[in-house]
Amino acid sequence: MMTGNILLLLGVLQTLPISQALYEDQIGKFDWHQQYVGKITDMFWDQSFNAGKRVLVSSERHVLASVHSHNGSLAWRKVLEDGPRGRIDKTLHSGNLLVTLTGGGRFVRKWNAGSGLADWEVSLPGSKSGRADLVQCGRDLLAVMIQDAVYGLDPRSGRQKWSVALPQSNQVVYTHLFTSGTNLFVIGQSLGQQVTRVTVDMEGVVRSTESVKAPWLSESTQCEVTNGGVLICYRSEDQSLQTLTLTDGQVFKSTSLQILGLEPSEEVSMETVRKVEEPLIFLRTAKNHMALLELTNDGVKLKKDLPSICAAQVVSLDDKSMLFTLERIPGELKMKVYDLETGSEMADLYQTITYLPQHGYPQRIEVLMFKKRDLRLGCRFAILSEDYSMQMVLKAERDGSPGKIAWRREEALAYVLSVEMIDLPVSENQAKYEDEFGSHKDDIATMFMKRFKTQISQLKTYIQQQLQKLQGHRHHHHDTEAMAESGSDDDDEDLTRDEFNLNKLIVLVTGAGKVFGVRSTNGHIEWEHFFPELAPFDGNNQQKLLLFVQRTTAHFPNPPQCTVVGKHKGTGNGFLFSFNPISGEPVDTPPTGQVLNYRITQTSMLGELDDHFLRGILLMDPDNQIHVFPGKCLSVLKKTFGSQYMFVADRETGFIKGYRTVPNQGKFLMENVWTVNLQKKQQTITQVVGKRPLEQVHSQGRVLGDRSVLYRYLNPNLVVVVTEGEFIEQSQRGGVFNTINLYLLDSVTGHMVFHCSHKRAKGPITVVHSENWVVYNYFNQKSRRLEMAVLELYEGKEQSNSTAFSSFSSPRQPLVLRQSYIMPLFISTMATTVTEKGITSKQIIFALKLGGLLALPKALLDPRRPLVPTQETMEEGTIPYIPELPVNAEAIINYNQSLYNVQGIHTSPAGLESTSLVLSYGLDLYFTRVQPSKMFDVLKEDFDYFFISAVLLGMFVVTIATQKLSARRALSRAWK
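Basis of the calculations
Residues numbered from 1 in each chain as written. Predicted model: local features only at pLDDT ≥ 70, side-chain atom pairs only at ≥ 80, totals over all residues. Heavy atoms only, no water. Helix = DSSP H or I, 4+ residues; strand = E, 2+ residues; numbered from the N terminus. Rg over C-alpha atoms; globule rule 2.2 N^0.38 Å. Buried < 20%, exposed > 50% of the residue type's maximum accessible area, 1.4 Å probe, protein only. Contact = heavy atoms within 4.5 Å. Areas by Shrake-Rupley, 256 points an atom, 1.4 Å probe, with all protein chains shown as cover. Lys, Arg positive; Asp, Glu negative; His and termini not counted. Charge placed at Lys NZ, Arg CZ, Asp CG, Glu CD. Expected span 1.5 Å × (residues − 1). Polar contact = N/O pair within 3.5 Å; in protein donor to acceptor, adjacent residues only side chain to side chain. Pairing = 2+ DSSP bridges. Salt bridge = Lys/Arg side-chain N within 4 Å of Asp/Glu carboxyl O. Axes fitted to C-alpha atoms, helices over the stretch in contact; angles between N-to-C directions. Phe/Tyr/Trp six-rings, centres within 6.5 Å; stacked < 30°, edge-to-face > 60°. Lys NZ or Arg CZ within 6 Å of the ring centre and 35° of its normal. UniProt positions renumbered as here; feature names shortened; annotations may be inferred. Disulfide = S-S within 2.5 Å. Core = buried A, V, L, I, M, F, W, Y, C linked by side-chain atoms within 4.5 Å. Patch = residues over 30% accessible without salt bridge, like charges linked within 9 Å, V, L, I, M, F, W, Y side chains within 5 Å. pLDDT = per-residue confidence, 0-100.

## Regarding the overall build of the chain
- Counting its secondary structure elements, the chain contains 7 helices and 67 strands.
- A globule of 976 residues ought to have a C-alpha radius of gyration of about 30 Å, and the chain, at 33 Å, matches this closely.
- If you line up the chain on its principal axes, its C-alpha atoms span 130 × 85 × 70 Å.
- Burial statistics for the chain: of 976 residues in total, 49% are counted as buried.
- Here the analysis covers contacts within the chain between residues at least 6 apart in sequence; of these, 50% occur between residues at least 24 apart.
- Only carbon and sulfur atoms are counted for the fraction: they give 50% of the accessible area of the chain, which is about 48,200 Å².
- Distance from the positive charge centre (102 side chains) to the negative charge centre (105 side chains) of the chain: 4 Å.

Here you go:
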């Protein structure tokens, strides 16, 4: 019996479209992959054998990478561990030495700067406070500081030479490590009390421990250690600088910023100067105001005030120190260079750089100085901007000409929070057809003239296309440098819809406050906007920026419209930006965005369209008042307010409240109609997942083996609420264990449709909610494995309402089928494919921790898979139940393009019912197409047109011949 079941399972699996093969020449034809590193925190010019050819960077996304300076591509990239273990505390680069300190001092790694391979790794106890530091003491010693000790390591092998315990480590928070001469200085802080200075020699012996009173120390105090061994701290309370000489200082010296002639703002920060020996530091008082300070025995001295300067760096070449500054003016940057000793400007290094406003203010500059063959000074420099972008600038060869931006890396794309794929508009000729048939007022003559003009235009377009093809075959040379700078290539065409609507414009909203329009064909950026004051919402411990599609391109001649909803960084009030997703032009809002005068607690879209096919957005403020954006959609709300409902899930209190819209003195308020208490003391709301809006469902039922129909429970108002908590086991062993609860809730009436609980299970949990089923994952602590659970809801064999669903007249409690499966690999997120009509079989796409995108048929996650197959289940095609889900290497849709730290997967339908478009976003962007049921609606590329044409022609000839013979035979019979 078991053998028969296995054979049946193998037979059914062979019929499933689990995967499709990918030929080698198809790589990159329908997909593209873009790698990023995230917001860069440290940047160095490579000083090894690749000197000047690469830039070494480390980021807050736990990435260490090497970037080619000639084109911006990654020479190599190392993605470290997730969570606090992989956080890069410090990156040290000197000569051929490249060392990282990660995880609060837990790991020290030395890397090969040329290849990115790890030479050695040392594991240390780590710091509970998360503070750690790393310095190089000559060629033979690396000193590492954690919370309670300092370790001396051999740079060549990582061998520990010595270790020394730090005194009073349970009371003092050690923050900085500095080397001067033959001594190491460890600096610790006791808030509101003192600064502790521990002196250690190169042999690991503690020479002295001293305390300096500092009652002004607080959590907001910023402290840095400069060259020359001076500790400088900034107090925001009285806007003063406190300095202490580490070698012999006994008391802090205070200097007010007002005495220095500086007017600080709320964004004061300090940037150390490491490339010269003098004790210098940059003080940033605003985005576009800096000051270079010199630290002396008498305190702080203003060396040079830098008004209107947004980035600066001090560079030394041949014992000559130079100050590089960047000033932002409309449309460009001005780079000025000063001799640090004399203060005079070096006019030969003056440079202007074309700079787009959508990158914000430059925040950092990294300069590489060198001498040319004619002994003139040359430089190239990288700029880090406010929008997380990294740009490489080459100095112009001719005096007076602007500098050239060699390349740009948009690292904000590593922080994507919202995605939508927008259909491209129709071509000009198709638009004319739309205009012809869309008007009902024209007479026959007018329509005939429109048709005639359209035909002439089509003929003209056809002739131009043929001429362009001929010219393209004759002229193949192109300016590759100009193409690389503009981000376009030969294949770029006008943004018009293709025959099968496979090409889309992808709108990406990032946590950096930047919005992109990206072509789905090649990943090139079509337009971009940057909003420095836009911040995401923090809901259920997740950052969210909402993106609403208010009107698509289907309503010609009305342009499409999208709106981004977030909050203002300073006030926390609502922030809106409405735009045309095809061109990126603002619509209904200023180009800089619109700041509301109230906070947003919940948002929703109107269910009906206005006269111009625009769907309004409902914004709910803390006073439960409803605002409509744009205001012209208020008339729609007045007609449909009786069917507008909202709900708010409060993570802090554990309450879920439902509201309905009611008019009140010319305004609209949300009235609380139901409340669900999920007991905050016992569990915490972690996720609230609804269905995809306007989801297409093809079949309302499922045909069983006995020819009956099991009707689906298709409630569009159903949401999944996931909570995590703890429970106390009532047994002899006892103990506290994790638990997961899942609730299916009707968001209109508050009716609890279903509830289940998983004891001894924990997250992170990912939920996919579609049609009548829910798939989610959790970690089973008892079995120590990852499991996938599936729920399917059915009304039964009788359908309550076949036309429209209403939560107020909902059917009886649905039949819930459930099953669990073992997932052999760990995943980070998952999503389901969607198609235009919902006819194609569903696939679940898993983002694996190993870097792959695994596509499995939804049929493998069917709760009706039987343990023992019967005749009915065999006729139905249900796969026999096996606990473990199969993982086929050919089902990895990104083949060898590994993806790390995937945050989400967005799927979108194409014009072909068989095809679904997939975009994976996180640290990388990856776009591809999938065909869950194979491409059943399009002929294959290797289809033999000649053979089928020959067969059809032969059949036509045979038909004519047999007709002649039949007629002749009938005539001969008639004569008989």
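Having seen it, we continue.
## Some thoughts on helix α7 (residues 945-975)
- When the terminal C-alpha atoms of α7 are compared, their 45 Å separation across 31 residues agrees well with the 45 Å that a helix rising 1.5 Å per residue should span.
- When you tally the buried positions in α7, you get 0 out of 31 residues, a small fraction of the element.
- Where α7 begins, the side chain of D944 points an oxygen toward the backbone nitrogen of F946, at a separation of 3.4 Å.

## Let's talk about unusual backbone geometry
- Here F629 and P630 are connected by a cis peptide whose omega angle stands at -10°.
- Residue P764 follows G763 across a cis peptide bond; omega there is 5°.
- In this fold, P764 is placed in the loop between β57 (761-762) and β58 (767-770).
- Even without a glycine there, the phi angle at K934 is positive, about 65°.
- Looking at the secondary structure, you find K934 in the loop between β67 (924-930) and α7.

## Considering the pairing of strand β14 (residues 173-180)
- As judged from the 7 bridges shared by β14 and strand β15 (residues 183-190), these two strands associate in the antiparallel manner. Bridge assignment links V173 to a residue of β15, and that residue is Q189.

## Focus: the pattern of salt bridges
- Under the definition given, this model contains 34 salt bridges.
- Across the pair D82 and K849 runs a salt bridge, and its minimum N-O distance is 3.9 Å. Here D82, found in the loop between β5 (74-79) and β6 (88-94), pairs with K849, found in the loop between β63 (843-848) and β64 (853-857); they are 767 residues apart in sequence, far enough to count as distant.
- Notably, a salt bridge pairs D154 with R156, separated by 3.9 Å at the nearest N-O pair.
- Residue classification places D154 among the buried residues on the basis of a relative accessible area of 7%.
- Residue R156 is classed as exposed on the basis of its relative accessible area of 58%.
- Put simply, R702, E792, K858, D862, R864 and E876 are held in one network by salt bridges that share partners.

## Thoughts on the sheet that holds β64
- As summarised here, the arrangement of the 3 strands in space is β62-β63-β64, forming an open sheet in which the pairing is antiparallel. Looking at which strands have only one partner, the edges of the open sheet turn out to be β62 (827-832) and β64. For this sheet the average axis-to-axis angle between neighbouring strands, irrespective of direction, equals 25°.
- For β62 and β63, the ladder comprises 5 bridges, and the chain directions are antiparallel. Across the sheet, the residue bridging to I827 is L848, located in β63.

## Thoughts on the packing of aromatic side chains
- Considering all chains together, one arrives at 15 aromatic pairs under this definition.
- Where W527 meets F579, the ring centres are 5.4 Å apart and the plane angle is 65°; that geometry is what we call edge-to-face. Within this pair, whereas W527 is found in strand β37 (residues 525-530), its partner F579 is found in strand β43 (residues 574-579), the two being separated by 52 residues in sequence. Each member of the pair, W527 as well as F579, is classed as buried.
- Ring geometry for Y776 and Y778: centres 6.2 Å apart, planes at 35°, overall tilted. Pair check on accessibility: Y776 and Y778 agree, each one buried.
- Linked through ring pairs, W527, F531, F575, F577 and F579 together constitute an aromatic cluster.
- The cationic tip of R61 hangs over the ring face of Y415; the distance from NZ or CZ to the ring centre is 5.3 Å.

## Considerations on the UniProt feature "transmembrane region" (unreviewed entry) in the chain
- If you check UniProt for "transmembrane region" (unreviewed entry), the listed places come out as residues 943-962 in our numbering.
- The span residues 943-962 is 90% helical and 0% strand by assignment, and the distance between its end C-alpha atoms comes to 30 Å.

## Structural notes on the sheet that holds β37
- Ordered by their spatial adjacency, 4 strands build an open sheet running β34-β35-β36-β37, and the pairing between neighbours is antiparallel. The open sheet terminates on both sides in strands that have one partner only, identified here as β34 (416-423) and β37. Neighbour-to-neighbour, the strand axes of this sheet turn through a mean angle of 15°, independent of strand direction.
- Two strands pair when backbone bridges link them, and strand β36 (residues 514-519) and β37 are joined in this way by 5 bridges, in the antiparallel orientation.

## A few points about the state of the cysteines
- Counted by the stated rule, this structure contains 1 disulfide.
- Between the sulfur atoms of C223 and its disulfide mate C233 the distance is 2.2 Å. Every disulfide takes its handedness from the sign of the S-S torsion; for C223 and C233 that torsion is 110°, giving right-handed. Of this pair, C223 sits in strand β18 (residues 222-226) while C233 sits in strand β19 (residues 230-235), and the two are 10 residues apart along the sequence.
- Look at C233 and you get buried, because its relative accessible area is 0%.
- No disulfide involves C562; its nearest neighbouring cysteine sulfur is the one of C633, lying 14 Å away.
- The class for C562 is buried, based on a relative accessible area of 0%.

## Some thoughts on the nonpolar core
- Within the largest apolar cluster, 39 residues are counted, with the highest numbers of intra-cluster contacts made by M43, V57, M390, I506, L508, L919 and L925.
- Setting aside residues up to four positions removed in sequence, M390 forms contacts with I40, M43, V55, V57, A382, I383, L384, W407, R408 and R409.
- Among the nonpolar cores identified, the runner-up in size contains 22 residues, and L786, I827, L854 and L885 belong to it.

## A short note on a negative patch on the surface
- Taken together, the side chains of E277, E278, D319 and E341 make up a negatively charged region of the molecular surface.
- Note that E341 resides in the loop between β28 (332-339) and β29 (351-354).
- A residue is classified by how much of its surface remains accessible, and E341, at 68% relative accessible area, is exposed.

## Notes on a nonpolar patch on the surface
- Taken together, the side chains of L939, F943, Y945, F947, I948, V951, L952 and M955 define a hydrophobic patch exposed on the protein surface, amounting to about 770 Å² of accessible area.
- Tracing the sequence through the fold places Y945 in helix α7.

## Here we look at the side chain of T352
- Position of T352 among the secondary structure elements: in strand β29.
- Excluding anything up to four places from it in sequence, T352 contacts E332, L333, K334, P402 and G403.

## Digging into the side chain of T175
- Inspection of the secondary structure assignment puts T175 in strand β14.
- Here T175 falls in the buried class, since its relative accessible area comes to 8%.
- Of the polar contacts made by the side chain of T175, one reaches the side chain of H176; its length is 2.8 Å.

## Here's the deal with the confidence of the model for the chain
- Here the chain averages 86 in pLDDT, and 92% of its residues register 70 or above.
- Every residue in residues 6-19 is under pLDDT 50, and counting partners more than four places away or in other chains gives 26 contacts.
- Low confidence marks residues 473-492, where pLDDT is under 50. Its contacts with residues over four positions away, or in another chain, come to 16 contacts.

## Looking at the environment of I844
- Secondary-structure assignment places I844 in strand β63.
- Sequence separation between I844 and L856 is 12 residues; the distance between their C-alpha atoms is 5.3 Å.
- Among all residues touching I844, those that are not within four sequence positions of it are W773, M830, A831, T832, L854, A855, L856, K858 and L861.

## Things to note about the pairing of β5
- Here strand β4 (residues 63-68) runs beside β5; their pairing, made up of 5 bridges, is antiparallel. Residue L64 lies in a different strand from β5, and its bridge partner there is K78.
- Where β4 folds back on β5, the antiparallel hairpin that results is connected by 5 residues, among which G72 adopts a positive phi of roughly 85°.

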